[in-house]
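Now for the letters of each chain:
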Amino acid sequence: MVNNAVAQSAQPIISFNYGAGNRYRVQRAFRVSLSTATICGVLATTFLTLATKPLVSLFLQAGTKAYEIAIGGLPLFAYSAIFFAMNVAIIGYYQATEQNTRATLCMLFRGLLFLVPAFLLMPMFISPQGMWLAVPVTECMTLGVILLTNRRILSR
């Protein structure tokens, strides 16, 4: 939710300045958005990794099989927060600068085109951790596609 808020807060600022032709302010707002989202993603990953037991204990009883699975899996899943944060900030930038096709494709990559195969294939190769790693791998692959197709995005 925090990363969505960061991206959505930056969108009107980026969009207004994009429309006004103020490229410097667009770049500056995007940098702030991406930096803030990345910091939030790192903090979320750190929190989920360090507070795994207390968090899992809120939902599952210690000593159960589900508890043990969650204790082992949550730290793996937590890495998705870093990549998710960056992806959402970049997709928000695309939307604010009228790059709707790019934004839509990125959303399709992270929500369908990479995610479904990752959920189907990862457990076959890395069991049982593959299921927990499907989302982080999907987010990382999406970020990779963004960086490969738009090398300028992080140099803004």
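What you see is a predicted model, and the numbers here were worked out from it, not measured in a lab.

Cut-off values and rules
- Residues numbered from 1 in each chain as written.
- Predicted model: local features only at pLDDT ≥ 70, side-chain atom pairs only at ≥ 80, totals over all residues.
- Heavy atoms only, no water.
- Salt bridge = Lys/Arg side-chain N within 4 Å of Asp/Glu carboxyl O.
- Helix = DSSP H or I, 4+ residues; strand = E, 2+ residues; numbered from the N terminus.
- Buried < 20%, exposed > 50% of the residue type's maximum accessible area, 1.4 Å probe, protein only.
- Axes fitted to C-alpha atoms, helices over the stretch in contact; angles between N-to-C directions.
- Parallel < 35°, antiparallel > 145°, perpendicular 65-115°, else oblique.
- Left-handed = near helix turned anticlockwise from the far one by under 90°.
- Contact = heavy atoms within 4.5 Å.
- Core = buried A, V, L, I, M, F, W, Y, C linked by side-chain atoms within 4.5 Å.
- Patch = residues over 30% accessible without salt bridge, like charges linked within 9 Å, V, L, I, M, F, W, Y side chains within 5 Å.
- Areas by Shrake-Rupley, 256 points an atom, 1.4 Å probe, with all protein chains shown as cover.

> Explain the pattern of salt bridges here, please?
Two side chains that carry opposite charge are able to pair once their charged atoms sit near each other. For the coordinates displayed, the defined rule picks out one salt bridge. Here glutamate 139 ties to arginine 110 by a salt bridge, and the two come within 2.7 Å at their closest N and O atoms. Of the two residues, glutamate 139 sits in helix α8 (residues 129-149) while arginine 110 sits in helix α6 (residues 100-113), which places them 29 residues apart along the sequence. In this pair, the class of glutamate 139 matches that of arginine 110, namely buried.

> Could you clarify how one ought to interpret the packing of helix α3 (residues 52-59) against helix α4 (residues 65-78) in this entry?
Running from N to C, α3 and α4 point in directions that differ by 135°, and their axes come no closer than 10 Å. Accordingly, the angle class assigned to the pair α3 and α4 is oblique. Both α3 and α4 take part in a crossing whose hand is right-handed. Across the interface between the two elements, Thr52, Lys53, Leu55, Val56 and Ser57 from α3 touch Tyr67, Ala70, Ile71, Leu74 and Pro75 from α4.

> Help me out: how do you make sense of the nonpolar core in this one?
Generally speaking, soluble globular proteins have nonpolar side chains that are buried together. Of all hydrophobic cores here, the largest spans 20 residues; its most connected members are Ile14, Phe30, Leu34, Ile90, Tyr93 and Tyr94. Elements represented by at least two residues in this core include exactly α1 (2-19), α2 (23-50), α5 (80-96), α6 and α8. The leading source of residues in this core is α5, at eight residues. Among the nonpolar cores identified, the runner-up in size contains seven residues, and Leu55, Ala70, Ile71 and Leu74 belong to it.

> Teacher, can you tell me more about a nonpolar patch on the surface here?
A contiguous nonpolar patch, built from Leu105, Leu108, Leu112, Leu113, Val116, Leu120, Leu121, Met124, Phe125 and Ile126 and spanning about 970 Å² of accessible area, is present on the exposed surface. Mapped by element, the contributors of at least two residues to the nonpolar patch are α6 and α7 (115-125). The element that contributes the greatest number of residues to the nonpolar patch is α7, accounting for five residues. Along the polypeptide, leucine 112 turns up in helix α6.

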